[in-house]
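Listed below are the residues making up each chain.
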Amino acid sequence: MPTPAWPTPASDGCYATAHSSPRSPSAWSLFADRSHDHDIYRIMSTTMLDRPVGQWLSNLRRPGALEGHPEWKAALEAVDEDWNPQWPADWQRHYAALRELVADEDGQAGAVKPLPGFTVHGMDIGKWLARQRKPEMWQALTDGQRERLERLGITPLAPEPEEPVKASTAPLSAFERGVAAGAVQGPARAL
């Protein structure tokens, strides 16, 4: 049997057994078959054929876990370019849910703008998206995060115009009126 170019769950010692015959494909090969065009950045409890694929992928994201296995990394990136992003896992999960939502709308980029309270997989995507679109948050995102949102037709909100400072309408004390009057007349002269 040839050595797979793609890591099998048993090949890194994470599983006790793996069966990969034509009659009994490994959990990993089924996962790979079902994962194309979908993200593989899911929660650690993700399983396939009762195998903890999510935990296994989480272990592969650790620094140095793929040293000596460049073909594994290439195979994972072929399934999902964001399988191991540079930004927080929570951000990636919310983005993946939004991407899934846009895909459900026939890829109409920008047509889907969920409002706060709209949930996908238990995550409030609408609230998350509203926060991402705020100008100060948009600037805090990495270039890669902004690019991914822009691919979905998401753009930042326009900054709110600053309101001019209004003069106080509070009544002035006698002292404040005297200071204001002195400013109009100019400096006092010595007698």
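In this report, we go over the structure that sits alongside the text. Values in this document were obtained by computation on a predicted structure and should not be read as measured data.

The rules behind these values
Residues numbered from 1 in each chain as written. Predicted model: local features only at pLDDT ≥ 70, side-chain atom pairs only at ≥ 80, totals over all residues. Heavy atoms only, no water. Helix = DSSP H or I, 4+ residues; strand = E, 2+ residues; numbered from the N terminus. Contact = heavy atoms within 4.5 Å. Buried < 20%, exposed > 50% of the residue type's maximum accessible area, 1.4 Å probe, protein only. Arc of directions from axis to C-beta. Polar contact = N/O pair within 3.5 Å; in protein donor to acceptor, adjacent residues only side chain to side chain. Salt bridge = Lys/Arg side-chain N within 4 Å of Asp/Glu carboxyl O. Phe/Tyr/Trp six-rings, centres within 6.5 Å; stacked < 30°, edge-to-face > 60°.

Concerning the overall build of the protein
Right, on to step 1. The helix and strand tally for the protein stands at eight helices and two strands.
Right, on to step 2. Listing each helix as α and each strand as β along the protein from the N terminus yields α-α-α-α-β-β-α-α-α-α.
Right, on to step 3. Contacts in the protein between residues at least 24 apart in sequence constitute 52% of all its contacts with a sequence separation of at least 6.

Some words on helix α5 (residues 125-133)
Right, on to step 1. All of the buried residues along α5 are I125, G126, W128, L129, Q132 and R133. One face of α5 carries all of its buried residues, which in axial projection span an arc of 160°.
Right, on to step 2. Buried residues in α5 make contact with α4 (89-104), β1 (119-120), β2 (123-124), α6 (135-140) and α7 (143-151).
Right, on to step 3. Measuring from the side-chain oxygen of the N-cap residue of α5 to the backbone nitrogen of G126 gives 3.3 Å; that N-cap residue is D124.

Concerning unusual backbone geometry
Right, on to step 1. One non-glycine residue, H121, adopts positive backbone phi at about 55°.
Right, on to step 2. Along the chain, the position of H121 falls in the loop between β1 and β2.
Right, on to step 3. When its relative accessible area of 53% is taken as the criterion, H121 is described as exposed.

Comments concerning the pattern of salt bridges
Right, on to step 1. All chains considered together, the criterion is met by four salt bridges.
Right, on to step 2. Between R148 and D82 there is a salt bridge, with the nearest N and O atoms lying 2.8 Å from each other. Here the residue R148 occupies a position in helix α7, and D82 occupies one in the loop between α3 (70-79) and α4, the gap between them amounting to 66 residues.
Right, on to step 3. One salt-bridge network, in which partners are shared between bridges, spans E81, D82, R148 and R151.

Focus on the packing of aromatic side chains
Right, on to step 1. Summed over all chains, the structure comprises three aromatic pairs.
Right, on to step 2. Pairing W87 with W91 gives two aromatic rings, centres 5.7 Å apart and planes at 70°, and the pair type is edge-to-face. One exposure class covers both W87 and W91, and it is buried.
Right, on to step 3. Here W91 and W128 contribute two aromatic rings whose centre-to-centre distance is 5.4 Å and whose plane-to-plane angle is 65°, an arrangement assigned as edge-to-face. With a gap of 37 residues between them, W91 in helix α4 and W128 in helix α5 connect regions that are remote in the sequence.
Right, on to step 4. Classification of W91 by relative accessible area gives buried; the value is 6%.
Right, on to step 5. Grouping aromatic residues by their ring pairs yields a cluster made of W87, W91, Y95 and W128.

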